[in-house]
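As a plain string of letters, each chain reads:
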Amino acid sequence: MTNILTVDNSSPTGIIHSVETCGTVDGPGIRFVVFTKGCPLRCLYCHNPDCRHFEDGKTVTVDELIIEIEKYRSYFEYSGGGVTVTGGEPLMQPDFVEAIFKQCQSRGIHTALDTSGYVNLNTAKPVLEYTDLVLLDIKSFDETIYHKLTSVSLEPTLIFARYLAQINKPTWIRFVLVPNLTDSEHNVRGLAEFISHFKNVKKVEVLPFHKMGEYKWETLGYDYQLKNTEPPSPELITKTINIFKSYGLQVQ
């Protein structure tokens with residue numbers, strides 16, 4: 001990841017962790033990925049726990065980011081990529097993200113928002129006006145599991161998802177498959193049934209649980225409760241994918 005160090009006080013500012021200049025897993029094509037600081041969720045499997053708090057972040061301006069983004073424009077145009085803002089939770093800095101996306105769209109650069117949807121809807125609406133694609137992480141459909149996993153309520157995310165459908169905003173649903181936590185059939189079917197009614201959902205990404213962020217938890221002194229959890233088996237991944245497909249959903 002490339003860090004941005006300079007500050008220009010003439011344009012809107014935000015607090016970021018870092019950027020990735022050639023991301024390939026956060027939306028279509030090759031993407032410039034901005035990792036914002038700040039997140040209200042405490043996901044047990046979070047691989048970016050160092051993005052939880054605003055402390056130790058880098059203050060950057062939108063103009064600075066656009067200068068960096070333009071350097072990689074040829075990669076975007078060749079691959080059908082663009083800019084993704086993730087985190088952390090980007091919608092904790094809505095004015096900053098809106099300003100980034102507005103500048104990108106004025107330059108013909110595709111914009112993607114990676115979010116948990118845990119936000120006041122009125123806060124999100126201005127950002128969504130300049131968002132081409134939403135990557136919506138729905139951690140669980142079972143409310144008890146969701147709260148155990150994230151320490152927050154599921155309902156704001158469901159409200160957000162319904163609004164995306166209402167405005168027909170292109171959306172990819174992301175679901176992290178964690179053995180003995182999110183993998184129960186009723187949980188997967190509940191989510192599949194919920195999103196199957198939304199014509200704006202272009203595909204579902206079933207993301208197998210991994211422990212690549214465990215070392216960050218240890219470095220930060222956090223209690224990583226999933227240290228004994230193994231990644232899902234190929235059979236469990238296939239079963240989960242087939243459940244989503246049985247509801248007419250495109251799955252990756």
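On a predicted model such as this, the values are computed, not experimentally measured, just so you know.

A. Broad picture of helix H1 (residues 62-70). Taken as a whole, H1 has its buried residues at Val62, Glu64, Leu65, Ile66 and Ile69. Looking at the packing, one finds that the buried side of H1 touches strand S1 (13-23), strand S2 (31-36), strand S3 (58-61), helix H2 (73-79), strand S4 (82-86) and helix H3 (94-106).

B. The sheet that holds strand S8 (residues 201-208), seen in detail. Spatially, the 8 strands line up as an open sheet ordered S3-S1-S2-S4-S5-S6-S7-S8, and their pairing is mixed. Looking at strand neighbours, the two that pair on one side only are S3 and S8, the edges of this open sheet. Across the sheet, the mean angle separating the axes of adjacent strands is 30° when strand polarity is ignored. Examined bridge by bridge, strand S6 (residues 133-137) and strand S7 (residues 171-177) share 4 bridges and lie parallel to one another. Bridging from a neighbouring strand, Leu136 pairs with Ile173 of S7.

C. Representation of the packing of aromatic side chains within the structure. The full count for this structure, using the stated rule, is 7 aromatic pairs. Between Phe194 and Phe198 the ring centres are 5.0 Å apart and the planes differ by 80°, which places this aromatic pair in the edge-to-face class. Classification of Phe198 as buried rests on a relative accessible area of 16%. What links up through ring pairs into an aromatic cluster is the set Phe32, Tyr72 and Tyr75. A cation over an aromatic ring shows up here: Lys203 above the ring of Trp172, its NZ or CZ 3.8 Å from the ring centre.

D. Unusual backbone geometry, seen in detail. Each neighbour pair has its own omega, and for Gly87 with Gly88 the value is 10°, a cis peptide bond. Although it is not a glycine, Ser151 adopts a positive phi angle of roughly 70°. Relative to the helices and strands, Ser151 resides in the loop between helix H5 (143-150) and helix H6 (155-166). Its identity as a non-glycine residue notwithstanding, Asn168 has a phi of 55°, on the positive side. Among the structural elements, Asn168 can be located in the loop between H6 and S7.

E. A look at the state of the cysteines. Applying the stated criterion across every chain yields a total of 0 disulfides. The closest cysteine sulfur to the non-disulfide-bonded Cys46 is located on Cys43, 6.2 Å from its own sulfur. Exposure remark for Cys46: the relative accessible area of 22% places this residue in the partly exposed category.

F. Seen up close, the pairing of S8. Looking at chain direction, S7 and S8 are connected through 7 bridges and run parallel. From the neighbouring strand, Arg174 faces S8, where its bridge partner is Glu205.

G. Spatial organisation of the confidence of the model for the protein. Taken residue by residue, the protein gives an average pLDDT of 93. The fraction at 70 or more is 96%. The low-confidence segment residues 1-8, where pLDDT is below 50, has 24 contacts with residues more than four positions distant or belonging to other chains.

H. Representation of the packing of H1 against H3. It is the contact of H1 with H3, at a shortest axis distance of 10 Å, that shows an interaxial angle of 40°. One way to sum up the angle between H1 and H3 is to call them oblique. Here the hand of the crossing between H1 and H3 comes out right-handed. Contact residues: H1 offers Val62, Asp63, Leu65, Ile66 and Ile69, while H3 offers Phe96, Ala99, Ile100, Gln103 and Cys104. Across the contact of H1 with H3, the residue classes tally to 8 nonpolar, 1 polar and 1 charged.

Quick notes on the rules
Residues numbered from 1 in each chain as written. Predicted model: local features only at pLDDT ≥ 70, side-chain atom pairs only at ≥ 80, totals over all residues. Heavy atoms only, no water. Buried < 20%, exposed > 50% of the residue type's maximum accessible area, 1.4 Å probe, protein only. Helix = DSSP H or I, 4+ residues; strand = E, 2+ residues; numbered from the N terminus. Contact = heavy atoms within 4.5 Å. Pairing = 2+ DSSP bridges. Axes fitted to C-alpha atoms, helices over the stretch in contact; angles between N-to-C directions. Phe/Tyr/Trp six-rings, centres within 6.5 Å; stacked < 30°, edge-to-face > 60°. Lys NZ or Arg CZ within 6 Å of the ring centre and 35° of its normal. Disulfide = S-S within 2.5 Å. pLDDT = per-residue confidence, 0-100. Parallel < 35°, antiparallel > 145°, perpendicular 65-115°, else oblique. Left-handed = near helix turned anticlockwise from the far one by under 90°. Nonpolar A, V, L, I, M, F, W, Y, C, P; charged D, E, K, R; others polar.

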